[in-house]
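Chain by chain, the residues:
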Amino acid sequence: SNSPFVRIPSRGGQKPKVVESLTDDQVDRLLCAIKGLPPYVFVMLGLYAGLRREEILALQWDCVHLGSKTPYISVRRAWHTENNRPVILSELKTNASKRDIPIPKQLVICLAEAKRISKSEYVVASSEGKPLSESQFRRLWQYINTRSIFARKISATEITLCLCSTPALILINA
């Protein structure tokens, strides 16, 4: 073909980044390193539900359905900041962003414990029970970085765990 567009990939002209997923052993070591610490629930939601940062930080308990036959999370809000202040949006970028995600047993256990001790409507909240600001999120992420060499591989937009008996990591391009 003589078309000048033949060599341009259909996804916007750039090849997707190849991201190495964590191995089962790396996931275990990461979770052991941060268990009981502030970023634990954030990391669990990223790994086991595949939520994006913006979805995790906007997640409220009314969208966590632990008592249903198949426990799930409803994605209905997104987080961003303006002048370091959190803004929670109920209007998502696309219709596909609004979805229900079944969650595995290990995440159900984690969320049930987090809910039991939570004093906030937000699943991941500041000490005042409010959504995190940008600087609070950066401190949370730094907390993970200082305790794990794997933090750079945890991107909820790129990795999640298969919901199977022996968790295996898969790559998701989002």
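Residues numbered from 1 in each chain as written. Predicted model: local features only at pLDDT ≥ 70, side-chain atom pairs only at ≥ 80, totals over all residues. Heavy atoms only, no water.

S.K.: Looking at this structure, I do not really get helix H2 (residues 40–49). What am I missing?
M.R.: For an α-helix the count is 3.6 residues per turn, leaving residues at separations of three or four pointing the same way. Buried residues dominate H2, accounting for 10 of its 10 residues. Residues Tyr40, Val41, Phe42, Val43, Met44, Leu45, Gly46, Leu47, Tyr48 and Ala49 constitute the buried set of H2. Positive phi shows up at Gly50, right after H2, with a value of about 70 degrees. (Buried < 20%, exposed > 50% of the residue type's maximum accessible area, 1.4 Å probe, protein only. Helix = DSSP H or I, 4+ residues; strand = E, 2+ residues; numbered from the N terminus.)

S.K.: Is there a simple way to think about the packing of aromatic side chains in this case?
M.R.: For any pair of aromatic rings, geometry is given as the distance between the ring centres together with the angle between the planes. The final tally for this structure, using the stated rule, is 4 aromatic pairs. With centroids separated by 5.6 Å and ring planes inclined at 55 degrees, the aromatic side chains of Phe42 and Phe137 adopt a geometry described as tilted. Separated by 95 residues along the polypeptide, Phe42 in helix H2 and Phe137 in helix H5 (residues 134–147) bring together distant segments of the chain. On the accessibility criterion, Phe137 (8% relative accessible area) is buried. Between Trp79 and Phe137, the aromatic rings sit 6.2 Å apart at their centres with planes inclined by 55 degrees, giving tilted as the arrangement. One end of the pair, Trp79, is in strand S3 (residues 78–82); the other, Phe137, is in helix H5, with 58 residues separating them in the sequence. Connected via pairs of aromatic rings, a cluster forms that spans Phe42, Trp79, Phe137 and Trp141. When the ring centre of Phe137 is taken as origin, the NZ or CZ atom of Arg53, which lies over that ring, is 5.0 Å away. (Phe/Tyr/Trp six-rings, centres within 6.5 Å; stacked < 30°, edge-to-face > 60°. Lys NZ or Arg CZ within 6 Å of the ring centre and 35° of its normal.)

S.K.: Where do I start with the pairing of S3 in this structure?
M.R.: Within a regular strand, the side chains alternate between the two sheet faces. The pairing of S3 with strand S4 (residues 85–89) spans 5 bridges and is antiparallel. Considered in S4, the bridge of His80 is made with Val87. Two successive antiparallel strands, S3 and S4, enclose a turn made up of 2 residues, where Asn83 displays a positive phi of approximately 55 degrees. (Pairing = 2+ DSSP bridges.)

S.K.: How do you make sense of unusual backbone geometry when you look at a structure like this?
M.R.: For residues that are not glycine, phi is negative in most cases, and the peptide bond is trans in most cases. Despite not being glycine, Asn83 shows a phi value in the positive range, around 55 degrees. Structurally, Asn83 is set in the loop between S3 and S4. Judged by relative accessible area, Asn83 falls into the exposed class, the value being 75%.

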